[in-house]
Amino acid sequence: MAENKPSGPEGEKKTRQIAGAALPLYLTMIASSAASLVDTAVLGRHGTASLAAFAVTLAVFSPATAAVSGAMRGVMPFVAAYKDADDADGLLPVLRNGMWLGICVGLLGAAAVASVPLIGKAGGVPQTTLDGLGVFPYILACSVLVMSIAATATSTLVGLGKGKAVMRSGMAGTGAAVVLSLVLVGGVGSFDGLGLPGAGIAMLTSSLINASVAHVQLRRNTVLAGRPLRLGRPHPREVLKLAAVGIPLAATVLIKFAVLGVLAFSAARVNTDSAAVHSISLSLVNLMFTAAVAVGQATVPLMAAHVKTGDVQEVRRSAHAGVLVALGAVCGLALLLVVARTPVISLFTEDTGLHDKVLDLMPVVLLAVLADAAQAVFGFGLIGIKRTVPSLVVFAICYGLLALVALPVGAAGGLKALWLSLAGANLLLVAGQAFFFQRRSGSLTRPEPAPASA
């Protein structure tokens, strides 16, 4: 194992490359998260009924879009193979087949979001909240489909190492979302605003802008410049190759969402304070874990050339460098949160009792997110070598066990015991993801040497 550690000048070069490529991706994701908080705040001022309907729809919309994004990450390693090649003819079919995959998973996600009124009714949501939904779920269903097309473009840009191009498209969409939410939901001047439909229009417009700018970036800043990026005829066999990598990722995301929902329910059963502290802690975790996701995405194109040549040692070094960068980023953000703990936690609550409970839980929270960051980068390493089924299996086992013990552990030991269980599951994930990455990367083979010319 020692020879695979990212040490020396070459290792330092890899860590710098990963950190530099991850930073714009991280900023893009954080800006998007901040924009969603604007929607919540504006709708909260508009009316409690609108905020309740928004929350019900997002309970389906968020996992649906996360699953779509997960599925489209499966395109990255196929694109990354062309990162250093001037081969538009080879890359263009990958993009087109990726767009077809995006449309397929986007339609499934859109159908789920459009079914929110039925899901809410079956789940016992009050009729007054369901009556307030109006056209909002259907607008967001359209947004899911548009986001799937945008995800194809952004995954292609990430695979080609164009993080700044992703940031330009993401920031354009986020900026539009913030401005339109303030205007269309809350109103301006004599315009009273549209309320919940206004939020939907803002989100759909943001998705359209993100998708459009991402495709413009593909035309301007990649080898595809000047090429027609229309859908073209689908090639089912090639689409299925992409799906074989992407669909297990989507399933993994859904498992994680479902089990985290069980944990939230377990925390709520303890008492009201525990539910609030759990919610705040999850928000802080998302701030830190997003950095690991950005690092993992940046690691995939760095591995591509080594995967292509079957250089197992360099593939592993790239992944290990990514883990170090992710852990460093999480620790840096954690230190920042500790230093600025009072103003940061005050954004979520002014209750000094809750403030102290959040601080008391922070060591366990940090352990959980550090383990989550490490397993995520090894998971992206498996994406880079196109072996994602092991990630799904490991998640199903580890988080399945966590789901089984969450309610009794929460009842017996409270919130700290619940988070210790989460940390334990994440540590098991690290072991499982690292094991499978090490094993499956060892099966990479070098291409046959070209025959000597006569």
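Residues numbered from 1 in each chain as written. Predicted model: local features only at pLDDT ≥ 70, side-chain atom pairs only at ≥ 80, totals over all residues. Heavy atoms only, no water.

Trainee: Residue-level account of the packing of aromatic side chains, with values.
Mentor: Under the criterion given, the structure shown has 4 aromatic pairs. Ring centres of Phe 395 and Tyr 399 lie 5.2 Å apart, and the angle between their planes is 50°; on these two criteria the pair is classed as tilted. Highlighted residues: Phe 395 and Tyr 399, both in helix α15 (residues 389–441), separated by 4 residues, approximately one helical turn. According to the relative accessible area criterion, Phe 395 is buried, its value standing at 4%. Given a relative accessible area of 1%, Tyr 399 falls into the buried group. Summarising the aromatic geometry, the rings of Phe 435 and Phe 436 are spaced 5.2 Å apart at their centres and angled 70° between planes, so their arrangement reads as edge-to-face. Given a relative accessible area of 46%, Phe 435 falls into the partly exposed group. Taking the ring centre of Phe 289 as reference, the NZ or CZ of Lys 256 above it sits at 4.1 Å. The ring of Phe 78 carries the charged tip of Lys 386 above its face, separated from the ring centre by 4.3 Å. (Phe/Tyr/Trp six-rings, centres within 6.5 Å; stacked < 30°, edge-to-face > 60°. Helix = DSSP H or I, 4+ residues; strand = E, 2+ residues; numbered from the N terminus. Buried < 20%, exposed > 50% of the residue type's maximum accessible area, 1.4 Å probe, protein only. Lys NZ or Arg CZ within 6 Å of the ring centre and 35° of its normal.)

Trainee: Could you give me a rundown of empty space enclosed by the protein, with the residues and numbers involved?
Mentor: Summed over all chains, the structure comprises 1 cavity of 30 Å³ or more. Reported here for the largest cavity is a volume of approximately 40 Å³. Ala 21, Leu 25, Val 158, Gly 161, Lys 162, Gly 163, Ala 298 and Pro 301 together form the lining of the largest cavity. Put simply, the parts of the chain that give the lining of the largest cavity at least two residues each are α1 (8–46) and α11 (272–309). Residue classes in the lining of the largest cavity are distributed as 5 nonpolar, 2 polar and 1 charged. (1 Å grid on protein atoms, 1.4 Å probe; cavity = no way out; pocket = protein on both sides within 12 Å on 5 of 7 lines; lining within 4 Å. Points joined across faces, edges and corners; volume = space filled by probe spheres on them. Nonpolar A, V, L, I, M, F, W, Y, C, P; charged D, E, K, R; others polar.)

Trainee: Can you explain the pattern of salt bridges? Please cite residues and give values.
Mentor: Applying the stated criterion across every chain, the model contains 6 salt bridges. With a closest N to O distance of 3.2 Å, Glu 314 and Lys 14 form a salt bridge. With Glu 314 in helix α12 (residues 312–339) and Lys 14 in helix α1, this residue pair connects regions lying 300 residues apart in the sequence. Here Lys 416 ties to Asp 360 by a salt bridge, and the two come within 3.3 Å at their closest N and O atoms. Placement of Lys 416 in helix α15 and of Asp 360 in helix α14 (residues 352–384) is noted, with a sequence separation of 56 residues between them. For Asp 360, a relative accessible area of 48% translates into the label partly exposed. (Salt bridge = Lys/Arg side-chain N within 4 Å of Asp/Glu carboxyl O.)

Trainee: Talk me through the layout of surface pockets; I want residue IDs and the actual numbers.
Mentor: Taken as a whole, the second largest pocket holds about 270 Å³ of empty space. Along the walls of the second largest pocket sit 17 residues, with Phe 78, Ala 81, Tyr 82, Val 94 and Lys 386 positioned nearest its centre. Elements that contribute at least two residues to the lining of the second largest pocket include exactly α3 (76–80), α4 (88–114), α10 (236–270) and α11. Ranked by residue count, the leading element in the lining of the second largest pocket is α11, at 4 residues. Residues belonging to the lining of the second largest pocket are distributed by class as follows: 11 nonpolar, 2 polar and 4 charged.

Trainee: Provide a residue-level description of the nonpolar core, including the pertinent values.
Mentor: Counting 123 residues, the largest nonpolar core has Val 113, Ile 385, Tyr 399, Trp 419 and Phe 437 as its most contacted members. Discounting residues that sit within four places of it in the chain, Val 113 has contacts with Thr 57, Val 60, Phe 61, Ala 64, Pro 137, Leu 140, Ala 141 and Val 144. (Core = buried A, V, L, I, M, F, W, Y, C linked by side-chain atoms within 4.5 Å. Contact = heavy atoms within 4.5 Å.)

Trainee: Got a sec to walk through the confidence of the model for the protein? Specific residues and values, please.
Mentor: With 94% of its residues at a pLDDT of 70 or more, the protein has an overall mean of 88. Counted against residues more than four places away or in other chains, residues 450–454, with its pLDDT under 50, gives 0 contacts. (pLDDT = per-residue confidence, 0-100.)

Trainee: How would you summarise the environment of Trp 100 if you had to cite specific residues and measurements?
Mentor: Tracing the sequence through the fold places Trp 100 in helix α4. Sequence separation between Trp 100 and Arg 233 is 133 residues, and the spatial gap between their C-alpha atoms is 9.1 Å. If we skip the residues at most four places from it in the chain, Trp 100 touches Leu 231, Gly 232, Arg 233, Pro 234 and Val 239.

Trainee: Lay out unusual backbone geometry with the relevant residues and their values.
Mentor: A positive phi angle, close to 65°, is found at Lys 386, a residue other than glycine. Along the chain, Lys 386 turns up in the loop between α14 and α15. Its relative accessible area of 33% is what places Lys 386 among the partly exposed residues.

Trainee: Provide a residue-level description of the packing of helix α8 (residues 163–184) against helix α9 (residues 196–221), including the pertinent values.
Mentor: Contact pair α8 / α9: the axes reach a minimum separation of 8 Å and the direction vectors enclose 160°. The angle between the axes of α8 and α9 places the two elements in the roughly antiparallel class. Of the two elements, α8 crosses α9, and the hand of that crossing is right-handed. Here Ala 165, Arg 168, Ser 169, Gly 170, Ala 172, Gly 173, Thr 174, Ala 176, Ala 177, Leu 180, Ser 181 and Leu 184 of α8 lie close against α9, whose contacting residues are Gly 198, Ile 201, Ala 202, Thr 205, Ser 206, Ile 209, Asn 210, Val 213, Ala 214, Gln 217 and Asn 221. Of the residues that constitute the contact of α8 with α9, the class distribution is 11 nonpolar, 11 polar and 1 charged. (Axes fitted to C-alpha atoms, helices over the stretch in contact; angles between N-to-C directions. Parallel < 35°, antiparallel > 145°, perpendicular 65-115°, else oblique. Left-handed = near helix turned anticlockwise from the far one by under 90°.)

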